Amino acid sequence: MTTTRRLTGRRERIRRLGAVFGIVVAVVCASSGCTVIPVTGPITLNEAGSGDPLSKPFHRMIAFPPDKTWNEEQTIRGLQAAMAAYADDPTILPQYLTQEARAKWSASGPVTVVDDAYEVLPPPQREGLGPVEKVMLKGQWVARINEDDSYAPTAGKWEDYSVELVKAEGGGYLVKSLPNGLLLTNSDVTRAYRATNLYYLNGNSPNTLVVDRVRLRLKPTETYAQTILQRLLKSPTSALQGAVTTSFPPDTKIESIRSGEDRVVINLSGPLDTLDLSAEDSLRAQIRYSLNKNEIAKGRVIEIQVNGESYSIDRPDSDDDWLDATSDDAYYISKGAVHYMSKDGPAGTVPGPAGQQREGFHDFALSKDGGYVAAQTSTGISVAALTQSGRWQEVIPGTLTPPTWHRDGSLWTYDKTNGALLRYDPMSGKGPQRISAPKLTGLDVTRLRIARDGVRVAVTTGQNTVQIGALTGGAAGMMLGNFQALTTTEGGNKILDVAWEDVEHLLVLVEGQAGQVLNEINVGDGETEGVPLKEPLASVAAVKDRVLAEAKTAKGNQIIELSQDRQSWTTKIESGASTPLFPLG
């Protein structure tokens, strides 16, 4: 009870402080004709309610200078509000700083994001304080927004942030010293930033788009469409450096973006060769997907101009395969034999030896078009074509991780004995080749899963950690690198399976003493959504909007499918089935 009263009192005090130093939130429509309208309380906005197809409404923070009547805590909270407003109005924050601090402090660097309920702890001793007072801030860490706009969730306590205050002439306080970079609350980020998907080209397969998720700050001086395309002209985040390319030549500029009743007109300038149409399709695709996947200009014709002259027209009903075009045909295993699976249940065995019952084969994987199946055995990995004349053949010997297929038709695994990443091309007539992966040296690699975009790779190490890497370089200098931590389970829990749902989301099945958890994690920013479970699962498989799983029930193992609303499961095969499969993933 005492703890509750203290927390409640602190929240009330924070609300009063907000009124004291006059933080004003305004509704901003990101276009030149909008007015800033001050409000007196919280607002709920309908994000889709903007009349401008190029914009989204958002809240803008308006901070005020320090007041001579404020105490230490009020000054610190006013300083943080000025940081939240800094991108829109950089003139307020310097008014909180001494000349010395103004000369030293820089807003550049990663943005620190903390929970809204952070605490301000003034010096405990009120008597005998010197001219400089050190104020500590602590709370819960939420995330870091890096300089490349990538969003990295963080966990744990945030308590090493300190600010030095000195008394100002005439009353109040000024900041003498503070860490570089901006400090924002989670609400600040929710208010002023948008999770945004940008689309680049696969470096080894330029007819395929790869998504790069960033956090972009909305600006009152430009539309959201302008913000997206301006960022698309820049390099991808560090997660995709060296793995993707772009169809925009260096020094390309966005001159204007206009919207009419049924079309959006984008005028570019720069070294674009309008007579060379080889890049036209990919440029249209990058623009279309980067706008439409962020709910901008959907259903509208997009006209691309270069220096005011029409260059290309992209229609909303364009039929293309720039994103994952993998088949959603489902398969499953029964007594070592590969079976087809229809929307309603079993649909017969595949042709050839792969459709025959066989002991000792497990961890099956299917190639992109379902032409080949790979399986792990006690001595290595074997492959068979799904044809009458196909036969099982061991292609990679050793103590290996389960096989995973690349969209280019190659088969990948990790040699646990020799610490080597291996790639086998069934069409080359050669044995497996080593691929450089220096960051995996010395790690207990237990599983690889290549995403259907052919770039990202999920790697599990031990029983508790999932990292996301990227395949960089060309065919001759390919390397697996750019690793980013995705998730780590607590002690006593273990990761049972992972599966790519689409090019953005990875399903992670975890088992612990309290039961199982199935999480859908966005690999771009770590956003996680739990999937409800009724029965314990042995494995999962997914593609597009379909999720299948092998459930362990009292009646034996079953194949079940997740409903479209992601709230329930339906039994598809009641007995004698295991290991649901989709091509790739």
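The coordinates are above.
How each quantity is defined
- Residues numbered from 1 in each chain as written.
- Predicted model: local features only at pLDDT ≥ 70, side-chain atom pairs only at ≥ 80, totals over all residues.
- Heavy atoms only, no water.
- Helix = DSSP H or I, 4+ residues; strand = E, 2+ residues; numbered from the N terminus.
- Buried < 20%, exposed > 50% of the residue type's maximum accessible area, 1.4 Å probe, protein only.
- Contact = heavy atoms within 4.5 Å.
- Areas by Shrake-Rupley, 256 points an atom, 1.4 Å probe, with all protein chains shown as cover.
- Pairing = 2+ DSSP bridges.
- Axes fitted to C-alpha atoms, helices over the stretch in contact; angles between N-to-C directions.
- Expected span 1.5 Å × (residues − 1).
- Polar contact = N/O pair within 3.5 Å; in protein donor to acceptor, adjacent residues only side chain to side chain.
- Core = buried A, V, L, I, M, F, W, Y, C linked by side-chain atoms within 4.5 Å.
- Phe/Tyr/Trp six-rings, centres within 6.5 Å; stacked < 30°, edge-to-face > 60°.
- Salt bridge = Lys/Arg side-chain N within 4 Å of Asp/Glu carboxyl O.

Broken down by element type, the chain carries six helices and 41 strands. Within the chain, the fraction of its 585 residues that count as buried is 50%. Within the chain, counting contacts between residues at least 6 apart in sequence, those at least 24 apart form 54% of the total. Entry remark: accessible area of the chain is about 27,000 Å², with carbon and sulfur atoms responsible for 47%.

Below, the discussion takes up unusual backbone geometry. With a phi close to 60°, Ala 297 is a non-glycine residue in the positive phi region. The buried category is assigned to Ala 297, whose relative accessible area is 2%. Of note in the backbone geometry, Thr 579 takes a positive phi value of approximately 50° without being a glycine. When you line up the elements, Thr 579 lands in strand β41 (residues 578-581).

We now examine the sheet that holds strand β36 (residues 528-531). In spatial order, the strands read β33-β34-β35-β36; together these four strands make up an open sheet with antiparallel pairing. Among the strands making up the open sheet, the edge pair consists of β33 (494-500) and β36. Averaged over all pairs of adjacent strands, the angle between strand axes in this sheet comes to 25°, irrespective of strand direction.

Here helix α5 (residues 224-232) lies mainly inside the structure; seven of its nine residues are buried. Those residues of α5 lying buried are Tyr 224, Ala 225, Thr 227, Ile 228, Leu 229, Arg 231 and Leu 232. The secondary structure elements touched by the buried residues of α5 are β11 (193-202), β12 (209-217), β14 (253-259), β15 (263-269) and α6 (280-292).

With 13 residues, helix α2 (residues 72-84) should cover 18 Å at 1.5 Å per step; its first-to-last C-alpha distance of 19 Å lies within 8% of that length. A large share of α2 lies buried, amounting to 13 of its 13 residues. Taking the backbone nitrogen of Glu 73 as reference, a side-chain oxygen 3.1 Å away marks Asn 71 as the first, capping residue of α2.

In this section: the nonpolar core. The biggest cluster of nonpolar side chains holds 40 residues, and the ones touching the most others in it are Leu 79, Met 83, Leu 97, Leu 137, Tyr 161, Val 163 and Leu 178. The set of elements that each furnish at least two residues to this core consists of α2, β4 (111-114), β6 (132-145), β8 (157-167), β9 (173-177), β10 (183-185) and α4 (186-192). It is α2 that contributes the most residues to this core, six residues altogether. Setting aside chain neighbours within four positions, we find Val 163 in contact with Ile 76, Glu 133, Lys 134, Val 135, Leu 137, Val 175, Ser 177 and Leu 178. Among the nonpolar cores identified, the runner-up in size contains 33 residues, and Leu 54, Tyr 224, Phe 248 and Ala 470 belong to it.

Each pair of aromatic rings is reported with the distance of its centres and the angle of its planes. Across all of its chains, the model carries eight aromatic pairs by this definition. Seen in terms of ring centroids, Tyr 199 and Tyr 289 are 5.9 Å apart; in terms of plane orientation they differ by 50°. Their pairing is tilted. Within this pair, whereas Tyr 199 is found in strand β11, its partner Tyr 289 is found in helix α6, the two being separated by 90 residues in sequence. Judged by relative accessible area, Tyr 289 falls into the buried class, the value being 14%. For the pair Tyr 331 and Tyr 340, a centre-to-centre distance of 5.5 Å together with 40° between the ring planes defines the contact as tilted. On the basis of relative accessible area, Tyr 340 is assigned to the partly exposed category, the value being 30%. Linked through ring pairs, Phe 361, Phe 364 and Trp 392 together constitute an aromatic cluster.

On inspection of all chains with the given rule, the structure shows 23 salt bridges. In this structure, Glu 527 and Arg 213 form a salt bridge, with 3.8 Å as the shortest nitrogen-oxygen distance. In this pair, Glu 527 sits in the loop between β35 (515-522) and β36 while Arg 213 sits in strand β12, placing the two residues 314 residues apart along the sequence. Residue Glu 527 is classed as partly exposed on the basis of its relative accessible area of 39%. Classification of Arg 213 as buried rests on a relative accessible area of 14%. A single salt-bridge network, built from bridges that share partners, covers Glu 280, Asp 281, Arg 284, Arg 288 and Asp 314.

Just geometry here; none of it tells us what the structure is for.
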